[in-house]
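As a plain string of letters, each chain reads:
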Amino acid sequence: MSELTRIAAPDGVFPAAQYSHVVMGTGRFVAIAGQLALDEDGRLVGEGDPGALPAIRTARAAHIPDDRLPAASAVQVASLVRPEFLMEIEAFAVVGG
């Protein structure tokens with residue numbers, strides 16, 4: 001069994017609306033490498049779609065309740081490995097073991 005503790009806003013830190021500042025857990029740690037918008041055949045999905053980040057936030061909100069928000073970051077870079085890639089998503093999880 002895994003157990004997570006979320007700290008939405010540690011003392012002295014302004015609370016965020018879309019994520020928890022700190023998430024701690026016990027269980028097995030899982031790291032998922034950065035994933036690009038490629039389908040199972042390696043074709044780019046959603047090329048040139050600047051609405052991707054709001055769509056991701058909407059999808060996440062549909063599945064993750066406000067009291068279980070993950071720690072998260074959104075970082076802008078000049079480019080990824082190829083210019084048509086607009087974002088890469090990586091994830092970390094704690095699962096029961």
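Everything that follows concerns the structure shown earlier in this document.
Residues numbered from 1 in each chain as written. Predicted model: local features only at pLDDT ≥ 70, side-chain atom pairs only at ≥ 80, totals over all residues. Heavy atoms only, no water.

Attention now moves to the packing of aromatic side chains. Applying the stated rule across the entire model yields one aromatic pair. For the ring pair F29 and F92, a centre distance of 5.7 Å and an interplane angle of 20° mean the geometry is stacked. Linking F29 in strand β3 (residues 28–35) with F92 in strand β4 (residues 89–95), this pair joins segments that are 63 residues apart in sequence. (Phe/Tyr/Trp six-rings, centres within 6.5 Å; stacked < 30°, edge-to-face > 60°. Helix = DSSP H or I, 4+ residues; strand = E, 2+ residues; numbered from the N terminus.)

Checked against the element boundaries, S20 lands in the loop between β1 (3–7) and β2 (22–26). Take S20: its relative accessible area is 5%, and that puts it in the buried class. Every residue in contact with S20, bar those within four places of it in the chain, is listed here: R6, I7, A8, L69, P70, A71 and A72. (Buried < 20%, exposed > 50% of the residue type's maximum accessible area, 1.4 Å probe, protein only. Contact = heavy atoms within 4.5 Å.)

Here we take up the pattern of salt bridges. Within the structure shown, the criterion is met by three salt bridges. Taking the shortest distance from any N to any O, the salt bridge between R43 and D39 comes out at 3.1 Å. Owing to a relative accessible area of 22%, D39 belongs among the partly exposed residues under this scheme. One continuous salt-bridge network, built from bridges that share partners, spans D39, D41 and R43. (Salt bridge = Lys/Arg side-chain N within 4 Å of Asp/Glu carboxyl O.)

A separate point is the environment of A33. Looking at where A33 falls in the secondary structure, it is placed in strand β3. The exposure class assigned to A33 is exposed, which follows from its relative accessible area of 55%. Other than its neighbours up to four places away in sequence, A33 contacts I89 and E90.

A few words now on the layout of surface pockets. Vacant regions in the atomic arrangement are exposed by a probe of water-molecule size rolled over the atoms. Considered as a void within the structure, the largest pocket measures approximately 1500 Å³ in volume. Counting only elements with at least two residues in the lining of the largest pocket, the list comes to β1, β2, β3, α1 (52–63) and β4. Residue classes in the lining of the largest pocket are distributed as 27 nonpolar, seven polar and seven charged. Roughly 240 Å³ of volume is contained in the second largest pocket. Lining the second largest pocket we find 17 residues, and of these A37, V45, G46, A52 and M87 sit closest to its centre. With three residues, the single largest contributor to the lining of the second largest pocket is α1. Its residues placed into classes, the lining of the second largest pocket shows eleven nonpolar, two polar and four charged. (1 Å grid on protein atoms, 1.4 Å probe; cavity = no way out; pocket = protein on both sides within 12 Å on 5 of 7 lines; lining within 4 Å. Points joined across faces, edges and corners; volume = space filled by probe spheres on them. Nonpolar A, V, L, I, M, F, W, Y, C, P; charged D, E, K, R; others polar.)

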